Structures are given as C-alpha cells and as structure tokens.
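# Topology and contacts: notes
In case you want the letters, here they are:
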Amino acid sequence: MLPGVVVLVSDQPGRSALLAEALRGVGTCEVVGLDVDWSTRAAAIAVVADVDAARPAAMQCLLALQTQAWAGTAPLVCISQRTSDKALRQARVLGASACLPFYAEPHIVVTALLNLLNPNEGALNATIRQCAERAGAALTSLFNTASHDGRVDLQAIDSCVDPLLLALSDGGLARWLNTIRAHDNATYQHSLVVAGLAAQFATHIGFPEAQRQRLVRAALVHDVGKARIPRALLLKRGTLDADEAAVMRTHTVLGYEILRASRHADPAMLDAVRHHHEMLDGSGYPDGISGDAISDVVRFLTVCDIYAALTERRSYKPALPSDEAMTILQGMQGRIEPRFVQAFGQAVARAA
C-alpha cells in the first residue's frame, strides 16, 4: 500500500463499491460525490472518477479539480460511462491521464493506476498478474475436476509454486494481495491469498526453499474439499444455521479424501487439508485433535487461513483492516500457536 490518499469521485457510490474496495489496496481510499470542494481537501496521490463525464455537474467537478496545484502531479483515471471517441476526447480535456470503459474490472483500474504512479513497475505488475492468472486457472481446473471426480491432477498446481514464490520475492506481499483481492473470482481468491501469506511468512522465518515450496503447495489446495460443497451454501449471505455449518465442515474430510486418491499428494498436504481447522484446545474439526497431535505445518497454515478470512470481503461481512485481524489472532491464545501469531504479525508488518 502506498502512502497517501486515493480519491474516488462517484455519482453512484453503490455502483463504485467494488472499485473503492480494490483501490484500498493502493492507498487510503476516500469516496466523494460531485459536490466535493477541492479547495478544502489535502493533496491526493491520485484521483479516480467513476462518473458520467457528459453530465454538467461531473464536468464542473473535474474542471475544478484541475485548478488545484497538486492536480498536476496526481494522475486522474476516468471510468467512462460512454464508449465513444467523443467521450474519450472529453475525458482528456478534463485532465484524464487514462480513460477506461465502465465495464473494466476493478483489478484493471488498479493496475492502470499503479502503472501511472510508478511507470517503471508496469512490467512487474504485469508479471504478477500473469502469475496470479496462471495459478487461478490451475485452481479453477482443480476445483472443477474435484467437483465431479474422486481425484485430481496436481501437476498444474506444482507448476505454479515456483513462479508464485518468485512473484512474491520480486513484487512483495502487498502487490500480490492487491492483485488477488481486486479480482472478482472468489472461487480461487482465498486460496491464492493464503498461499501468498504462507510464502511471505515462510520467507520471513527463514525456511529453506524445499519447505517453502511444500507450504505454498499445501496452501493452494487446502480448501479443495469446498468443490464438493453446494455452491448455494458457499455463497450464502448471512450466518449458516447448524445444519448448514455441519455440511460446510465436511470440506476438510472431502478434500482429504480427494487428495488421498490422487497422485503426488505428499503427507504435509494431506495433513494441512484435513486439519487446518483444528485448534490446540481440541475445539476444532473434523477430528478434534489437540496439542502435540497438531503438526507445525497445520499450525502455520491455520494462522494464514484465519488472517486471510478476516481480511477478505465476504458476501456476509466487510474486510477487516490488518491491525484488527491481528488483534483477533492474538486473542485466540490457547487455540492457535502464539509463537506463529507473533512471527506472522512481524512478517505482515515487514511486508507492509
């Protein structure tokens, strides 16, 4: 995340909600309307205008922006509600550094903005995006196969591990999470977030390369059992009732059985898939194991999994800021490994 404020001008905040969330991966995002008084606002690092620029009020707002001294150094990205050449020329006249169509996905807007803020990093952003898409495609294929068959081919997953570790090394955790969380495919979003956190965590602790590879591999497939959970249940808004929660909890055993029947599933992966919801006090599932019966691999990935879930937007809750998520993790003493929580907090803070 970059220091400074990104201002999102919107004439329909509801329409712009997903874009605002994605922009929070770039910097602090403030959403304002067309009646914003630019003269009373501090300088921003960038402005994104998700408005119909043909409206007189929108034109007036963006022209007023250009009178501010800091506007010359802050890129303006216009999300055009019209796709004509005239609309593009109009956006340029209003000071746009880039103009994207209204159907551009949030991650496209974020990438364009990052490239404007630091043109030298454009190639790096593209590389990370390609790595994320490759891993996402592999996971999508894995989930699709798992939903119909009793086994999966892990070779596509294996081919993503080293590129992911390299992308994290070159671009950093924040850039990886921004790329993943700005994408709208929730099917593999969580697994890629957990994999990125695991890679950062393992690197911070100083694990050897082979161990980092095993952990990232396990993180990528830890929720494969959810491929056999009814989609309506996975996407339900609101709290699950007791029966629904019982069905959801079966994803650990389902994933374990799928991978046990598959080739190239190592013991660490099987352990992580079955036990990543176990707790040190025995209150977890599916087996209710506790204490020393829970391996370090599971303890490690459980911390990453819980933090990812807390900081992700879900259909039934907003995303929590990192500091609030860490406070919750620290309050789970006795249930998750405190040494790993402390080290994980240091790894996330260092990445930020």
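Right, let's walk through the structure included here. Keep in mind the model is a prediction, meaning the values are calculated, not measured. (Residues numbered from 1 in each chain as written. Predicted model: local features only at pLDDT ≥ 70, side-chain atom pairs only at ≥ 80, totals over all residues. Heavy atoms only, no water.)

## Re helix H2 (residues 56-65)
What H2 keeps buried is the set Ala58, Cys61, Leu62 and Leu65. The buried residues of H2 all sit within an arc of 90° when viewed along its axis, so they share a single face. Within H2, the exposed residues directed more than 90 degrees away from the buried face are Pro56 and Gln60. (Buried < 20%, exposed > 50% of the residue type's maximum accessible area, 1.4 Å probe, protein only. Helix = DSSP H or I, 4+ residues; strand = E, 2+ residues; numbered from the N terminus. Arc of directions from axis to C-beta.)

## Observations regarding the sheet that holds strand S5 (residues 98-101)
Reading across the sheet, the 5 strands line up as S2-S1-S3-S4-S5 and stay open at both edges, with parallel pairing between neighbours. The open sheet is flanked by strand S2 (28-32) and S5, the only strands paired with a single partner. The sheet shows a mean angle of 20° between the axes of neighbouring strands, direction not considered. Where strand S1 (residues 5-10) meets S2, 5 bridges bridge the pair, whose relative direction is parallel. Looking at the pairing, Val7 lines up with Glu30 of S2. (Pairing = 2+ DSSP bridges. Axes fitted to C-alpha atoms, helices over the stretch in contact; angles between N-to-C directions.)

## Quick look at the environment of Val77
Tracing the backbone shows Val77 in strand S4 (residues 76-80). Val77 sits 19 residues away from Ala96 along the chain, and the two C-alpha atoms are 5.6 Å apart. Beyond its immediate sequence surroundings of up to four residues, Val77 is in contact with Val47, Val48, Ala49, Ala98, Leu100, Val109, Leu113 and Leu116. (Contact = heavy atoms within 4.5 Å.)

## Concerning the pattern of salt bridges
All chains considered together, the criterion is met by 13 salt bridges. With a shortest N-O distance of 3.4 Å, Asp50 and Arg15 are connected by a salt bridge. One end of the pair, Asp50, is in strand S3 (residues 46-50); the other, Arg15, is in the loop between S1 and helix H1 (17-23), with 35 residues separating them in the sequence. Relative accessible area serves as the criterion here: at 5%, Asp50 is assigned to the buried category. Among the salt bridges present, the one from Arg274 reaches Asp287, with a minimum N-O distance of 2.8 Å. Within this pair, whereas Arg274 is found in helix H13 (residues 267-275), its partner Asp287 is found in the loop between H13 and helix H14 (296-311), the two being separated by 13 residues in sequence. Residue class for Arg274 comes out buried when judged on its relative accessible area of 18%. Looking at Asp287, the relative accessible area reads 35%, which means it is partly exposed. Salt bridges linked by common partners bring Asp11, Arg15, Asp50 and Arg55 together as one network. (Salt bridge = Lys/Arg side-chain N within 4 Å of Asp/Glu carboxyl O.)

## Examining the nonpolar core
Residues Trp176, Leu220, Phe300, Leu329 and Phe344 are the most contacted members of the largest nonpolar core, which totals 68 residues. With 10 residues, helix H8 (residues 186-205) is the single largest residue contributor to this core. Counting 24 residues, the second largest nonpolar core, distinct from the first, contains Val32, Trp38, Ala58 and Cys78. (Core = buried A, V, L, I, M, F, W, Y, C linked by side-chain atoms within 4.5 Å.)

## Side note on the side chain of Thr302
As for its placement among the helices and strands, Thr302 is situated in helix H14. A polar contact is formed between the side chain of Thr302 and the backbone oxygen of Val298, at a distance of 2.7 Å. Once residues lying within four places of it in the same chain are set aside, the contact partners of Thr302 are His275, His276, Glu278, Met279 and Ile336. (Polar contact = N/O pair within 3.5 Å; in protein donor to acceptor, adjacent residues only side chain to side chain.)

## Side note on the pairing of S3
Counting buried positions along S3 gives 5 out of 5 residues, so the element sits mostly inside the fold. Pairing analysis gives 5 bridges linking S1 to S3, with the strands arranged parallel. Residue pairing for S3: Val6 is matched across the bridge by Ala46. Of the crossover connections in this fold, the one passing from S3 over H2 to the parallel S4 is right-handed. (Right-handed = clockwise from strand over helix to strand, strands pointing away.)

## Remarks on unusual backbone geometry
With an omega dihedral of 15°, the bond running from Tyr285 to Pro286 counts as a cis peptide bond. In this fold, Pro286 is placed in the loop between H13 and H14. Even without being a glycine, His264 presents a positive backbone phi close to 70°. Within the secondary structure, His264 sits in the loop between helix H12 (251-260) and H13.

## Structural notes on the side chain of Glu278
Tracing the backbone through its elements, the reader meets Glu278 in the loop between H13 and H14. Despite its burial, Glu278 remains without a salt bridge, the nearest opposite charge being carried by Arg274 at 6.2 Å. One polar contact links the side chain of Glu278 to the main-chain amide nitrogen of Asp287, over a distance of 2.8 Å. Only 3.3 Å separates the side chain of Glu278 from the backbone nitrogen of Ile289, close enough to count as a polar contact. Excluding residues that lie within four positions of it along the chain, Glu278 makes contacts with Gly284, Tyr285, Pro286, Asp287, Gly288, Ile289, Ile294 and Thr302. (Lys, Arg positive; Asp, Glu negative; His and termini not counted.)

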